[in-house]
Number of protein chains: 4
Amino acid sequence: MSELVYSNISDISNIKIFGRLGKQRQPLPLLFNGSGIEVVVTGSDLWIDLETDSDFHEPWVAYEINGAFMGRQMLLPGKHRICLFRNMEPTTPKRVRFYRELQAMSEDDRCKVLVNGLEIDVNGCFMEVPAYEKKIEFIGDSITSGEGSYGAITDVDWLAMYMSASVNYATMTAKELQADYHLISQGGWGVFCGWDNDPRHNIPSIYEKVCGLATGPSNEKLGCQDPYDFKSWQPDVIVVNLGTNDISAFSQSPFLNPADGKTYKQHRNEDGSLNREDELKIENAVVNFLTMLRKNNPKAHIAWCYGMLYCDLNMTITEAMSKYREKSGDTNISFFQLPDTTPETYGAHMHPGRKSHEAAADALVLYLRKIMNW
Amino acid sequence: MSELVYSNISDISNIKIFGRLGKQRQPLPLLFNGSGIEVVVTGSDLWIDLETDSDFHEPWVAYEINGAFMGRQMLLPGKHRICLFRNMEPTTPKRVRFYRELQAMSEDDRCKVLVNGLEIDVNGCFMEVPAYEKKIEFIGDSITSGEGSYGAITDVDWLAMYMSASVNYATMTAKELQADYHLISQGGWGVFCGWDNDPRHNIPSIYEKVCGLATGPSNEKLGCQDPYDFKSWQPDVIVVNLGTNDISAFSQSPFLNPADGKTYKQHRNEDGSLNREDELKIENAVVNFLTMLRKNNPKAHIAWCYGMLYCDLNMTITEAMSKYREKSGDTNISFFQLPDTTPETYGAHMHPGRKSHEAAADALVLYLRKIMNW
Amino acid sequence: MSELVYSNISDISNIKIFGRLGKQRQPLPLLFNGSGIEVVVTGSDLWIDLETDSDFHEPWVAYEINGAFMGRQMLLPGKHRICLFRNMEPTTPKRVRFYRELQAMSEDDRCKVLVNGLEIDVNGCFMEVPAYEKKIEFIGDSITSGEGSYGAITDVDWLAMYMSASVNYATMTAKELQADYHLISQGGWGVFCGWDNDPRHNIPSIYEKVCGLATGPSNEKLGCQDPYDFKSWQPDVIVVNLGTNDISAFSQSPFLNPADGKTYKQHRNEDGSLNREDELKIENAVVNFLTMLRKNNPKAHIAWCYGMLYCDLNMTITEAMSKYREKSGDTNISFFQLPDTTPETYGAHMHPGRKSHEAAADALVLYLRKIMNW
Amino acid sequence: MSELVYSNISDISNIKIFGRLGKQRQPLPLLFNGSGIEVVVTGSDLWIDLETDSDFHEPWVAYEINGAFMGRQMLLPGKHRICLFRNMEPTTPKRVRFYRELQAMSEDDRCKVLVNGLEIDVNGCFMEVPAYEKKIEFIGDSITSGEGSYGAITDVDWLAMYMSASVNYATMTAKELQADYHLISQGGWGVFCGWDNDPRHNIPSIYEKVCGLATGPSNEKLGCQDPYDFKSWQPDVIVVNLGTNDISAFSQSPFLNPADGKTYKQHRNEDGSLNREDELKIENAVVNFLTMLRKNNPKAHIAWCYGMLYCDLNMTITEAMSKYREKSGDTNISFFQLPDTTPETYGAHMHPGRKSHEAAADALVLYLRKIMNW
């Protein structure tokens, strides 16, 4: 085995970091699924040194070489030293990406992945990472968290191992377009409320923080609750894939919010249509969220891309988008329906499986190429 | 060969007629693409007797046996006697559909297909045709007219032979759902104006007539310009696939309307976005058309299904639908985006080919099954 | 309509004729499925004049424009004048192929398709037809006759309309490779005997005649029973797709041959394996047929391509091929297994459907490209 | 976290072991790719304890839950304690398979995977593992070792990480048929010689030992070089996928065998055909191997399934099979060609990728169902 040399992540200039960043750079926290690092190295071996913590939901990570999936594993609390490759032809540059599979966990204050550094062959070096000219931000729920992208169709537990960035339309889309990307997503959350009517579980409430989902003292120390510096990374496109949980709330029991002691519930009319007042709550949330997105991303095209698990909220979302457009005069937005998951393309616990994510990515790539002139 | 017995179409009670009907029943005019007849017969042979007329655009017809495509041909003006099958096992019932491939032609006063009758084996009989429990009305443009569904990808002539009902998402959807269906479509037309800004080329203007597209004395005699009796056939769903030409008009030259001597043109703003005033013309047309559809089809679910050739008008159509919903209180409408045609699925002259129609039908079948509880 | 000018087929020098030819050139007989003519014409209109005869099994024909399928129809006895296109842009060259769908009929002495000539626009002309550099001869049974390539999966009649060259792996392969091709095939026939043990139904017995399958005085007059002039067309590859009926004979009742009053039957051993003596009859037939093919086609690569309906005869065919190779020293032969028809790819009466033919063509194209260095 | 209880592998009666076994059961060596263990457990957590050693080529392992792939990782020398799942619903039985990804390594005396035991929840238990009624033995080369099933299409290193049982036609076939299976394979080896003409690299030479590929004192101690007890596991079918390297040798340089100081080389004739003498060496090897297989597996159907990387040896293999059949009278053998890898289905370093393995599995499943009456 070759002799290895360790470098702190923050000391490596030839590195591409995926995912939102706050103030903390050493060790580097991987905050969202898809958050990760990419290097191009010569030398025969590459190792990554990291530290993780977690409680119920342990982080999973995945890694790829030259764009191809290679490994995926669970990381239990502690320090880890993972060999990403060894014994490779030393002079050939190898492009390696290592990334978090598990979404930012809103219910697990301990859950974190901290990358300390990399070890490479003493004769190897970090070469320039190919530039990603395009930038996409994906904002979503369990679909964008890759829930059910792993697991048998019959599996129904709600566990970390079933989520991923590796089998995920967002990652597939970004890779196909050779784009840098950010993922901000949370299973069960909506634009207005969660699948269970919980009004706290709305993405806009955490969007402006570095990783507002990650709470608790240790996450705060990492800067997760700091305001996110939007100027540091301005996307060309923002893909918003929200609505699936907002519609679900209409069919769920009322939710007693422990935060205010009040009960929340979205209602349907007797004929099954949405109660207009409740529908308007979603619409207000959409209008406000678009306003927030625009404020922070003045030039990005905002594409609301929805429909991988039914498209019942099409009329509601687009009505709100029209209101926002009318009010703001902002025409740099669009609505795009993603292909629905079919009986043949389901993954675990009634979520999109690999084939559904592939179909969504195919459609989205075609759409973004057209609309962005890419 | 067996001895054949002729029956007038109007004398055959065991027959299923597809497509809109006016007062004329003998000979039976097939007015739209997809308009046709279906019988289930015993006996060894089946012939159809018909008469056609045409000018530039000659009608094409197709026929199928037991649901499988068998033949397709051009019919030049005159009387025709076409053998649909012969020498088949006489006691086995054969289900046969014969239908028009060519859309109703708005530019060809002579174009028509008139079915006189059928000839069957003297020992055969007309058996009961399986009932079609579901009813769908498709309203569209060249896509629904199947333009380019036949022809090489390089073909650019605008000719009858490239259009069809046989390779057509509407037919595929209806067949998969075992549904009766009506097609009302015209290549180049929109909900507000034609692809070339011609304001006369809007589908609403002809919707309430039996076959308003077919003009001229002989067509009038057939009742094409009569008000259509909507009570005679109430669909469960109306699929409106319009908008592709309305968006096209924004990129075309002004149109000098010979009818009023005025010039018509939809404009884009300098940044490429739609001129709001012109966009609102489309929206008004959508609101008015939805109102017209609802008046004539009180119980039908109206699904605007759009997107097989880009989806640039999503925001416009849905804004109009929201206005209609707000104004009317009618919630029995929905918007559904059809899968876009890809480089791999184009047919002739940049229109959807077979694979695009198949993809659209797959998505639409899934959607209608869900929304209609089918 | 433009003024038309008629030319005898034999007077058109810019024409490509597909399929075997005998002495008869005016009118031109289309002897096999896939036999046809191709022209590239300018002018607005193209018509074909032909004459057909038939008894029980009527010929079907199909035509395509610029490589795309356009029409398909039955032709009953008589003279026919078929418009292949009209009103097309006159200066653009149009490549048109017209061909026979129905196999040469061994049981119908009357069945024939005779092309008299073509009519084109007085201002149009016959341009040079693109050269087909590669030549493939396909020899087969019902699969190569396209049996069941049309028709519903439940259809079981044995009729002309279910056969085709248009939905046929041989045509698809030739088109994909831009190759000229000949088809010699007959449903139910084998290399040694027919599906029903009829020893007369073997392809080698007719291979050396122009169209040995077409018997009777009128066919003889057309030269069908003449020795075929192999020098007139030497293929680069011969694809032999035989064996499906030879294996079937082992499971069928004995056949009483009216020609010699003897009974014929291929037997299985008690354990289900093939009776060795009977198996050797097939092997002899294979060896002799390979010898015959080589004698007449000295340079062609001979690829036995088998397996679209099971591959039970793999061991038998390859053993015979080895014997031939050992005996002759001829190494310019190969065995290639075609993909089996699956439950999803069946057409009518348990024969390959469109998807099976497509899969076979995909595999065969890949194989021929490799083995022929194409 | 729940309290865990450890059990030695040999103490667990409700366990299914995949892959060949020798005398050593505690710790349990996983000798081949696909070798592994399967349990069905209740309780919330499952851990596996193992020990690995290796030199250049480190073992990789993969695991699945309820039949779905979950993780895959490299194991460097040492003791490992891997959590296969945690926090699952405790009363629901979970079926878990853990298996070796890397082939038995013939060039790495240290390489081994030894499973010590499993830890389950104190409240959980090992339930009965579903019986696998069918048994298949796969014998092959790099294709069956899954070489290139992971990795980018441009990757050319020859490394452990590119091989797998998880993306492998053999595993896919066995799973689809719910069959138990054994894999005996080695990249670069043939039935007669290796890809580089090395005469020692032939599978028959190691077939009768437990894992003849694994040499050296420590492997001998594990019983790898012991005669394999064929009576312990009699397959219903043996799939032999060999020949790809034997044909390669004809295009490679001569090989100087250090074992005997002689040079070895398979030759082609000037016209590119195989030198008959050299071809007969392969045929002898095939005949002898079939004889060996039959001796050890009296009732198994032996299917030579070949062709995923060209099928140039079809004539040679089948000729040898015919010789064996003739000589032995054994008709319980067959030849089946697997679908070739296409430009769209390649994986890394010109080996079959995931789609090619899927296509091969689809074809093989269909074939085995027919031939075995499954």
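Just above sits the structure.
Residues numbered from 1 in each chain as written. Chains lettered and ligands numbered in written order. Predicted model: local features only at pLDDT ≥ 70, side-chain atom pairs only at ≥ 80, totals over all residues. Heavy atoms only, no water.

**Here's the deal with the overall build of chain A**
Then step 1. Of regular secondary structure, chain A possesses seven helices and 18 strands.
Then step 2. Taking 374 residues into account, the globule formula puts the C-alpha radius of gyration at 21 Å, and chain A, at 21 Å, falls close to it.
Then step 3. By its C-alpha atoms, chain A is 70 × 45 × 40 Å across when sized along the principal axes.
Then step 4. A total of 374 residues make up chain A; the buried ones form 65% of that total.
Then step 5. A separation of at least 24 residues holds for 76% of the contacts in chain A among residues at least 6 apart in sequence.
Then step 6. Summing over all exposed atoms, chain A offers an accessible surface of approximately 13,200 Å²; the carbon and sulfur share of this is 51%.
Then step 7. Between the mean site of the 36 positive side-chain charges and the mean site of the 49 negative ones, chain A shows a separation of 4 Å. (Helix = DSSP H or I, 4+ residues; strand = E, 2+ residues; numbered from the N terminus. Rg over C-alpha atoms; globule rule 2.2 N^0.38 Å. Buried < 20%, exposed > 50% of the residue type's maximum accessible area, 1.4 Å probe, protein only. Contact = heavy atoms within 4.5 Å. Areas by Shrake-Rupley, 256 points an atom, 1.4 Å probe, with all protein chains shown as cover. Lys, Arg positive; Asp, Glu negative; His and termini not counted. Charge placed at Lys NZ, Arg CZ, Asp CG, Glu CD.)

**Overview of the sheet that holds strand β17 (residues 301–306) of chain B**
Residue and element names in this part refer to chain B.
Then step 1. Read across the open sheet, the five strands follow the order β13-β12-β14-β17-β18; overall the sheet is parallel. Looking at strand neighbours, the two that pair on one side only are β13 (179–185) and β18 (333–337), the edges of this open sheet. Taking each pair of neighbouring strands and ignoring which way they run, the sheet shows an average axis angle of 20 degrees.
Then step 2. Across four bridges, strand β14 (residues 237–241) lies against β17 in parallel orientation. In the sheet register, valine 237 faces β17, and the bridge partner there is histidine 301.
Then step 3. Here helix α5 (residues 276–296) sits on the sheet in contact with β12 (134–140), β14, β17 and β18, set at roughly 140 degrees to β17.
Then step 4. Of the strands in this sheet, β12, β14, β17 and β18 are in contact with helix α7 (residues 354–371), which crosses β18 at around 155 degrees. (Pairing = 2+ DSSP bridges. Axes fitted to C-alpha atoms, helices over the stretch in contact; angles between N-to-C directions.)

**Focus on the relation of the copies chain C and chain B**
There are two copies of the chain, and a rotation about an axis plus a shift along that axis relates them.
Then step 1. Screw-axis analysis of chain C against chain B gives a translation of 0.0 Å along the axis, an RMSD of 0.0 Å, and a rotation angle of 180 degrees. These values place the two chain copies in the arrangement generated by a two-fold rotation axis. In terms of proximity to the rotation axis, the leading residue of chain C is Arg72(C), whose C-alpha is 2.7 Å off the axis.
Then step 2. Both copies present the same face, since 100% of the interface residues in chain C are matched by interface residues at the equivalent positions in chain B. (Least-squares fit on C-alpha atoms with pLDDT ≥ 70 in both.)

**What about the arrangement of the chains?**
Then step 1. Between chain A and chain C there is no contact, and the shortest C-alpha to C-alpha separation is 15 Å.
Then step 2. Nothing in chain B touches chain D; the tightest C-alpha to C-alpha distance between them is still 15 Å.

**A look at unusual backbone geometry**
Phi is mostly negative for residues that are not glycine, and the peptide bonds are mostly trans.
Then step 1. A cis amide bond links Gln26(C) with the next residue in sequence, Pro27(C), at an omega value of -10 degrees.
Then step 2. Of note, Pro27(C) is situated in the loop between β2 (16–18) and β3 (28–29).
Then step 3. Phi at Asn66(A) is positive, roughly 50 degrees, even though this residue is not glycine.
Then step 4. Within the secondary structure layout, Asn66(A) lies in the loop between β6 (60–65) and β7 (68–74).

**Side note on the packing of helix α1 (residues 169–176) of chain A against helix α7 (residues 354–371) of chain A**
Residues and elements named next belong to chain A.
Then step 1. Interhelical geometry of α1 versus α7 gives an angle of 40 degrees and a closest axis separation of 8 Å. By the criterion of interaxial angle, the relationship of α1 to α7 is oblique. Every pair of crossing elements has a handedness; the one defined by α1 and α7 is right-handed. Within the contact between the two elements, α1 uses Tyr169, Met172, Thr173 and Glu176 and α7 uses Arg354, His357, Glu358, Ala360, Ala361, Leu364, Val365, Leu368 and Arg369.
Then step 2. Class assignment for the residues of the contact of α1 with α7 results in seven nonpolar, two polar and four charged. (Parallel < 35°, antiparallel > 145°, perpendicular 65-115°, else oblique. Left-handed = near helix turned anticlockwise from the far one by under 90°. Nonpolar A, V, L, I, M, F, W, Y, C, P; charged D, E, K, R; others polar.)

**So, the pattern of salt bridges**
Residue and element names in this part refer to chain D.
Then step 1. Following the criterion strictly, the structure yields 100 salt bridges over all chains and no others.
Then step 2. For glutamate 208, the salt bridge is made with lysine 295, and the minimal N-O distance between the two is 3.0 Å. Taken as a pair, glutamate 208 in the loop between α2 (204–207) and α3 (217–221) and lysine 295 in helix α5 (residues 276–296) lie far apart in primary sequence, 87 residues in all.
Then step 3. A relative accessible area of 27% places glutamate 208 in the partly exposed class.
Then step 4. For lysine 295, a relative accessible area of 57% corresponds to the exposed category. (Salt bridge = Lys/Arg side-chain N within 4 Å of Asp/Glu carboxyl O.)

**A closer look at the environment of Asp157(A)**
Then step 1. Here Asp157(A) shows up in the loop between β12 (134–140) and α1.
Then step 2. Residues Asp157(A) and His349(A), 192 residues apart in the sequence, show an inter-C-alpha distance of 7.6 Å.
Then step 3. Not counting chain neighbours up to four residues away, the residues in contact with Asp157(A) comprise Tyr162(A), His349(A), Asn87(D), Met88(D) and Glu89(D).
Then step 4. Here Glu89(D) takes part through its backbone nitrogen, which lies 2.7 Å from a polar atom of the side chain of Asp157(A). (Polar contact = N/O pair within 3.5 Å; in protein donor to acceptor, adjacent residues only side chain to side chain.)

**Details of the interface of chain C and chain B**
Then step 1. Taken together, the contact between chain C and chain B spans 32 residues of the former and 32 residues of the latter.
Then step 2. On the chain C side of the interface with chain B, the three residues burying the most area are Met70(C), Arg86(C) and Asn87(C), jointly 22% of the side's total.
Then step 3. At the junction of chain C and chain B, the tally comes to two salt bridges.
Then step 4. Salt-bridge contacts for Glu58(B) lead to Arg86(C); the nearest nitrogen and oxygen are separated by 2.5 Å.
Then step 5. On the surface where chain C and chain B come into contact, there are 15 residue pairs in polar contact (both at pLDDT 80 or more).
Then step 6. When contributions to the side of chain C that touches chain B are tallied by element, the ones reaching two or more residues are β6 (60–65), β7 (68–74) and β8 (78–85) of chain C.
Then step 7. Here the side of chain C that touches chain B takes seven residues from β7(C), the largest share from any one element.
Then step 8. Of the residues assigned to the side of chain C that touches chain B, the class counts are 18 nonpolar, six polar and eight charged. (Buried area = accessible area lost by both parts, 1.4 Å probe.)

**Some remarks on the sheet that holds β12(A)**
Residue and element names in this part refer to chain A.
Then step 1. Reading across from one edge, β13-β12-β14-β17-β18 is the order of the five strands in this open sheet, with parallel pairing throughout. Across the chains shown, the open sheet's two edge strands, defined by having one partner strand only, are β13 (179–185) and β18 (333–337). Taken pair by pair, the neighbouring strands of this sheet meet at an average axis angle of 20 degrees, ignoring direction.
Then step 2. Contacts from α1 reach β12, β13 and β14 (237–241), with the element oriented near 165 degrees to β13.
Then step 3. Lying on the sheet, α7 is in contact with β12, β14, β17 (301–306) and β18; it crosses β18 at an angle near 155 degrees.

**A closer look at the relation of the copies chain D and chain A**
Then step 1. In the superposition of chain D on chain A (RMSD 0.0 Å, axial shift 0.0 Å), the rotation amounts to 180 degrees.
Then step 2. Both copies share a contact surface, since 100% of the interface residues of chain D are interface residues in chain A too.

**Considering the packing of aromatic side chains**
Then step 1. Within this structure, the stated rule accounts for 42 aromatic pairs over all chains.
Then step 2. Taking 6.2 Å as the distance between ring centres and 10 degrees as the angle between the ring planes, the aromatic pair formed by Tyr63(B) and Phe98(B) counts as stacked. Within this pair, whereas Tyr63(B) is found in strand β6 (residues 60–65), its partner Phe98(B) is found in strand β9 (residues 94–100), the two being separated by 35 residues in sequence.
Then step 3. Overall, Tyr63(B) belongs to the buried group, its relative accessible area being 1%.
Then step 4. We classify Phe98(B) as buried; its relative accessible area is 0%.
Then step 5. Relative to Phe230(B), the ring of Tyr228(B) has its centre 4.9 Å away and its plane inclined at 85 degrees; by these criteria the two rings are edge-to-face. Pair check on accessibility: Tyr228(B) and Phe230(B) agree, each one buried.
Then step 6. Through a chain of ring-to-ring contacts, three or more aromatic side chains come together here, namely Phe18(A), Tyr132(A), Phe138(A), Tyr169(A) and Tyr181(A).
Then step 7. For the cation-ring pair, Arg97(A) lies above Phe18(A), with the distance from its terminal atom to the ring centre recorded as 3.9 Å. (Phe/Tyr/Trp six-rings, centres within 6.5 Å; stacked < 30°, edge-to-face > 60°. Lys NZ or Arg CZ within 6 Å of the ring centre and 35° of its normal.)

**Observations regarding the state of the cysteines**
Residue and element names in this part refer to chain B.
Then step 1. Enumeration according to the criterion identifies zero disulfides over all chains in this entry.
Then step 2. Left unpaired, cysteine 211 is separated from the closest cysteine sulfur, that of cysteine 224, by 4.8 Å.
Then step 3. On the accessibility criterion, cysteine 224 (0% relative accessible area) is buried. (Disulfide = S-S within 2.5 Å.)

**Considering the interface of chain D and chain A**
Then step 1. Taken together, the contact pairs 32 residues of chain D with 32 residues of chain A.
Then step 2. For the pair chain D and chain A, the two sides together bury roughly 2,600 Å², of which 60% comes from carbon and sulfur.
Then step 3. The three residues of chain D that bury the most area against chain A are Met70(D), Arg86(D) and Asn87(D), which together make up 22% of that side's buried surface.
Then step 4. Applying the counting rule to chain D against chain A returns two salt bridges.
Then step 5. Seen at the junction of chain D and chain A, the total is 15 residue pairs in polar contact (both at pLDDT 80 or more).
Then step 6. When residues of the side of chain D that touches chain A are traced back to their parent elements, those giving at least two are β6 (60–65), β7 (68–74) and β8 (78–85) of chain D.

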